[in-house]
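The chain contents come next:
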Amino acid sequence: VDSLIVPAVIEGWKGPSVLNLVDSHIKREGAESLSQALARCGGTIKRLELDGNYVGRMGISRLSVALTHCRNLTFLSLGRNLIGDKGIGHLVSSLLFCPLQHLDLSINYIGAEGAAKLASVLPHLSMLEVLILFGNPLKDEGVEKISKVLLQCFLLQRLDLSVNGIGAEGAGRLALALPSCTRLRSLNLRGNALGDLGVKLLSWATPQCLAMTELDLSRNSITADGASSLCRKLVPDVIVNLDLAGNFLGEEGAMALALSLKSCTSLSRLELSRCRLGCQGIKRLIPLRHNQSLSHLGLGLNDIGDSGVEALLPCLSDMHCLKWLDLCGNGITDQGASLLCSQFTSLLSLETLNLGGNNFSLAGVDKLRKAAKEARSLRTLIIGSEGNWDEGSGLLSVALPCGILRW
């Protein structure tokens, strides 16, 4: 969007409450024009989305002045704007004028200094429910600053601290604050460096987080030791979504999870892709067959092979709520395909099966296609070689009686 067009977008704006300029590349010049327009009619705006505009420190300084006129603003998204620590200094004072419920500052080069500035105003954002700081180099020092004021964020329901460079020390600081966040439902710590020690420290707090239904600890260098500690502390009838993908769980970690989660009546989604399970790890997951709430199970990229498929099938036949199963990139051949085909009719709830990135021949693919037509509930069967299942990726799709087959 050209900087001269921005005022025209809002000129005469009296009714609409949402302004979406995501990825418009307005930059600093456009930010100044936008600020002038917001100063005139920002009072009507309740939702402002400006992600991907690279306004920089000077641009955010201009916008901050205009935000003081947005007295009804509840949703503010400023991801990917090169704000930096100095830009946060300009922004925070203007936030006090807005009844914010949702604040997204993803990928803005905010470090410990910026975190301290943000922490100074968080206790005053009394309506805040969602705080997203994904992709900022907060590290342990920055997370410590944020954690200290979480005690006063009484309505916070979602906290995203993914890819923030957090280690065990930061996890310990966060663990001290979490019990006070009595309404926190979702905690995302994906892509940090918590390790087993960090997870053990967090585990201390999880029994006291009675509202937390979603926990993402993927890609945190967690081994079986850390997984075991976490499993012993999880509240079994609260957790709904648990993501441990990309960790080093192995068969011991798989066993600890399965024994802990087999009777978890709330668990709906379990993601264990890229966890180095292998065939033996799959065998350790057999106790999950007793879980009657699990609907989404991710086991992709674990090198389970045909023997892993054989070990998994008896478990699947007993999981009557399972709707989505990911077995992509597991080295499964035509032999494993035949085993799966023999069970399609007995998998009464399964709707989506991802078998992409395996080693099927054309004959194996054809066999899967024919078996899919006879499946009772299966609506999507994915078979491919690249592991990329987005529309437009080159995968073919045809309508079948069972729904959609993509290969």
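Residues numbered from 1 in each chain as written. Predicted model: local features only at pLDDT ≥ 70, side-chain atom pairs only at ≥ 80, totals over all residues. Heavy atoms only, no water.

Enquirer: Quick one: what's the story with the overall build of the chain, residue by residue and with numbers?
Expert: Each helix and strand counted, the chain has 14 helices and 16 strands in total. The proportion of buried residues among the 407 residues of the chain is 57%. Carbon and sulfur atoms make up 52% of the accessible area of the chain, which amounts to about 16,900 Å² in all. (Helix = DSSP H or I, 4+ residues; strand = E, 2+ residues; numbered from the N terminus. Buried < 20%, exposed > 50% of the residue type's maximum accessible area, 1.4 Å probe, protein only. Areas by Shrake-Rupley, 256 points an atom, 1.4 Å probe, with all protein chains shown as cover.)

Enquirer: Quick one: what's the story with the pattern of salt bridges, residue by residue and with numbers?
Expert: Taken as a whole and judged by the stated rule, the model has twelve salt bridges. A salt bridge links arginine 62 to glutamate 32, with the nearest nitrogen and oxygen atoms 3.9 Å apart. In this pair, arginine 62 sits in helix α3 (residues 56–67) while glutamate 32 sits in helix α2 (residues 27–41), placing the two residues 30 residues apart along the sequence. With relative accessibility at 34%, the residue arginine 62 sits in the partly exposed group. Among the salt bridges present, the one from aspartate 366 reaches lysine 370, with a minimum N-O distance of 3.3 Å. With aspartate 366 and lysine 370 both in helix α14 (residues 362–374) and four residues apart, this pair spans about one turn of that helix. Salt bridges here are not isolated pairs; linked through shared partners, they connect Glu144, Lys148 and Arg173. (Salt bridge = Lys/Arg side-chain N within 4 Å of Asp/Glu carboxyl O.)

Enquirer: Now, about helix α6 (residues 139–150): what can you tell me, with residues and values included?
Expert: With twelve residues, α6 should cover 16 Å at 1.5 Å per step; its first-to-last C-alpha distance of 17 Å lies within 8% of that length. Burial in α6 covers these residues: Asp140, Gly142, Val143, Glu144, Ile146, Ser147, Val149 and Leu150. Looking at the buried residues of α6, the elements they touch are α5 (112–121), β6 (158–160) and α7 (168–177). (Expected span 1.5 Å × (residues − 1). Contact = heavy atoms within 4.5 Å.)

Enquirer: Talk me through the layout of surface pockets; I want residue IDs and the actual numbers.
Expert: Approximately 330 Å³ is the volume found for the largest pocket. Forming the walls of the largest pocket are 24 residues, and the residues nearest its centre are Arg190, Asp216, Ser218, Asp243 and Arg269. If you list the elements that add at least two residues to the lining of the largest pocket, you get β6, β7 (186–188), β8 (214–216), β9 (241–243) and β10 (269–271). Among the residues making up the lining of the largest pocket, the classes are represented as seven nonpolar, six polar and eleven charged. (1 Å grid on protein atoms, 1.4 Å probe; cavity = no way out; pocket = protein on both sides within 12 Å on 5 of 7 lines; lining within 4 Å. Points joined across faces, edges and corners; volume = space filled by probe spheres on them. Nonpolar A, V, L, I, M, F, W, Y, C, P; charged D, E, K, R; others polar.)

Enquirer: An account of the packing of aromatic side chains is requested, with residue identities and associated values reported.
Expert: For the structure on display, the rule yields zero aromatic pairs. A cation over an aromatic ring shows up here: arginine 47 above the ring of phenylalanine 75, its NZ or CZ 3.6 Å from the ring centre. (Phe/Tyr/Trp six-rings, centres within 6.5 Å; stacked < 30°, edge-to-face > 60°. Lys NZ or Arg CZ within 6 Å of the ring centre and 35° of its normal.)

Enquirer: Let's hear about the confidence of the model for the chain: which residues, and what values?
Expert: Here the chain averages 89 in pLDDT, and 90% of its residues register 70 or above. This model gives residues 1–5 a pLDDT under 50, and the stretch forms eight contacts once residues within four places in sequence are excluded. Within the model, the stretch residues 386–404 combines pLDDT values under 50 with 34 contacts to residues more than four positions away or in other chains. (pLDDT = per-residue confidence, 0-100.)

Enquirer: Any details on unusual backbone geometry? Residues and values, ideally.
Expert: Phi is positive for isoleucine 107, close to 50°, though the residue is something other than glycine. Its place among the elements puts isoleucine 107 in the loop between β4 (102–104) and α5. Using a relative accessible area of 32% as the deciding quantity, one classes isoleucine 107 as partly exposed. The residue arginine 274 is not glycine, and still its phi comes out positive at about 55°. Structurally, arginine 274 can be placed in the loop between β10 and α11 (278–284).

Enquirer: Got a sec to walk through the environment of asparagine 359? Specific residues and values, please.
Expert: Locating asparagine 359 in the fold gives a position in the loop between β13 (352–354) and α14. Taking the C-alpha atoms as reference points, asparagine 359 and isoleucine 383, separated by 24 residues in sequence, lie 9.9 Å from one another. Setting aside its immediate chain neighbours within four residues, asparagine 359 contacts Gly331, Ile332, Thr333 and Asp334.

Enquirer: Can you tell me about the environment of serine 120, naming the residues and giving the values?
Expert: Here serine 120 lies in helix α5. Spatially, the C-alpha atom of serine 120 lies 8.2 Å from that of valine 92, the residues being 28 residues apart in sequence. Side-chain polar atoms of serine 120 contact the backbone oxygen of lysine 117, separated by 2.4 Å. (Polar contact = N/O pair within 3.5 Å; in protein donor to acceptor, adjacent residues only side chain to side chain.)

Enquirer: Can you explain the environment of aspartate 225? Please cite residues and give values.
Expert: Its location among the elements puts aspartate 225 in helix α9 (residues 224–233). For the pair aspartate 225 and alanine 256, spaced 31 residues apart in sequence, the C-alpha to C-alpha distance is 9.1 Å. Look past the residues within four positions of aspartate 225 in its chain and what remains in contact with it is Asp196 and Lys200. Within the structure, the side chain of aspartate 225 is placed 2.8 Å from the side chain of lysine 200, a separation counted as a polar contact.

Enquirer: Residue-level account of the side chain of asparagine 302, with values.
Expert: By secondary structure assignment, the location of asparagine 302 is in the loop between β11 (296–298) and α12 (305–318). Given the relative accessible area of 3%, asparagine 302 is considered buried. Separated by 2.9 Å, the side chain of asparagine 302 and the backbone nitrogen of cysteine 275 make a polar contact. The residues contacting asparagine 302, other than those within four sequence positions of it, are Leu272, Ser273, Arg274, Cys275, Arg276, Leu277, Gly278, Gly329 and Asn330.

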